[in-house]
Amino acid sequence: ALPGLPSGAASKWDIREKVWEHLEASGLAEFPRPVHGRIPNFKGSLQACCSLRGMDVFSRAREVKVDPDKPLEGARLVALQARKTLLVPTPRLRTGLFNRIVPPPGATKEVLRKCATSQGVKEYSVPVGLDGKAQVDLVVVGSVAVSEKGWRIGKGEGYADMEYAMMVSMGAVQEDTPVVTIVHDCQVLDIVEELLDDHDLTVDYILTPTRTIQTNCKRPKPQGIMWHKVTSEMLGKIPILKTLRSKEKQAGKDVTLQDEHPALANPNRAALSNKKVTAANTQPRAAPGSAPVGQPLVESDPVNPRAEGSDTITTVYVGNLPASLRVSELKSALRELQVVPVRLNWQGAQHRAFLEYRDKGTADRALSSLQGLSLGDNTLRVELAKSQRNK
């Protein structure tokens, strides 16, 4: 276990934070840094990736899907060197689902190396559509933490789970398609099963710089897209989801989204969610990304009781703020990007701030404009606040 990690009581966020802190503090973190908010790159990642070569599931595979994360660059290279068909998901699934990496004829070692980098993935790839009849024989994903039983924790955005669910929906993976993750030894931890959701992807093999672990995981992998967990916002962000949804609708499946469920459109929901926020505020110290201590309540306007009440406020969490940053500097950055929130809750001591937006559109723009932005020497960590993601 990592030093200072309360076993049992830890949430997914506690585990992520501890892993990121440990990798940075112990000098194991590699470029791009800081590793906070990412699938972390680590010393020895290439060595761990090369263990793929010795695996039967790899030798037998013709098509291999490897995530675009930096620590998996070695896995992409090994697949290309072995002349496998390499599929890489498009970042944040903005355009389609996969790119197929097609090295130029007679590619040298150098060119193959380039093809495995994120730049090479852009330059040497062709998009694979939903009807591209992909048949993936092996899936390689990154993780922030993983247990020997095969429970996996990603960086919290759910893209790997979503990609897998999409592959199931399009018939690209089967029940028995093996899933491999590649991590540093210190990322292999005990994770309690209660932390897993039914849409979480589990893994069959873990490769580290020193060992290969077969998890013999019996927990079923996601059976396809759980539409009741998908929001209209996700549908707007991930165009390919729309296509999949209309296909599944035609096939007679229930594709009602999370925010379309009649039970959730209950007018008492506003009052309830206000109560929840108040309850959250009595907690002594909020976990990163949850409703912070002393966050002002967003009252729904009594004159115009909109059906959604306080649910119309979208909160964006901004973390990894430099210690020297002043609130005025963050405000001016938000002004320049034209994403000024209706309320800014500054928590400089915790290196974070919460931005509240009245409309989803501005919140989405803020998410995408702040993503990858550096202030001082720090790359900001930006995501929907936990209170939002759990809705």
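You'll find the structure just up there.
Procedures and definitions
- Residues numbered from 1 in each chain as written.
- Predicted model: local features only at pLDDT ≥ 70, side-chain atom pairs only at ≥ 80, totals over all residues.
- Heavy atoms only, no water.
- Helix = DSSP H or I, 4+ residues; strand = E, 2+ residues; numbered from the N terminus.
- Buried < 20%, exposed > 50% of the residue type's maximum accessible area, 1.4 Å probe, protein only.
- Contact = heavy atoms within 4.5 Å.
- Areas by Shrake-Rupley, 256 points an atom, 1.4 Å probe, with all protein chains shown as cover.
- Pairing = 2+ DSSP bridges.
- Salt bridge = Lys/Arg side-chain N within 4 Å of Asp/Glu carboxyl O.
- Polar contact = N/O pair within 3.5 Å; in protein donor to acceptor, adjacent residues only side chain to side chain.
- Expected span 1.5 Å × (residues − 1).

1. Focus: the overall build of the protein
Along the backbone of the protein there are 13 helices and 16 strands. In the protein, which comprises 391 residues, the share counted as buried stands at 50%. Counted over contacts in the protein with a minimum sequence separation of 6, partners at least 24 positions apart contribute 65%. Counting only carbon and sulfur atoms, one obtains 51% of the accessible surface of the protein, whose full area is about 18700 Å².

2. Notes on the pairing of strand E13 (residues 352-357)
For E13, the tally of buried residues reaches six of six residues, placing the bulk of the element in the interior. Of the two faces of E13, both are covered, the one formed by Arg-352, Phe-354 and Glu-356 as well as the one formed by Ala-353, Leu-355 and Tyr-357. Of the pairings in the sheet, the one linking strand E11 (residues 314-319) to E13 comprises five bridges and is antiparallel in character. The residue bridging Val-316 from the neighbouring strand is Leu-355, located in E13. Strand direction decides the pairing type here: strand E12 (residues 343-347) and E13, joined by five bridges, are antiparallel. Residue pairing in the sheet places Trp-346 in a bridge with Ala-353 of E13.

3. Looking at the pattern of salt bridges
Taken as a whole and judged by the stated rule, the model has 23 salt bridges. The shortest N-O distance in the salt bridge between Arg-245 and Glu-260 comes to 3.1 Å. Taken together, the residues span a long stretch of sequence, with Arg-245 in helix H9 (residues 239-250) and Glu-260 in the loop between H9 and helix H10 (269-281) at a distance of 15 residues. We note a salt bridge from Arg-381 to Glu-383, for which the minimum N-O separation is 3.7 Å. Owing to a relative accessible area of 8%, Glu-383 belongs among the buried residues under this scheme.

4. Examining the side chain of Glu-73
The residue Glu-73 is located in helix H4 (residues 73-81) in this model. Within the structure, Glu-73 has its side chain in polar contact with the side chain of Lys-70 (distance 2.8 Å). Glu-73 has contacts with Ala-116 and Thr-117, leaving out every residue within four places of it along the chain.

5. Notes on helix H1 (residues 12-25)
Taking 1.5 Å of rise per residue, 14 residues should cover 20 Å, and H1 covers 20 Å from first to last C-alpha, within 8% of that figure. Residues of H1 that are buried include every one of Lys-12, Trp-13, Ile-15, Arg-16, Glu-17, Val-19, Trp-20, Leu-23 and Glu-24, and no others. Directly after H1, the chain includes Gly-27, whose backbone phi takes a positive value near 75 degrees.

In short, geometric facts, not functional conclusions.
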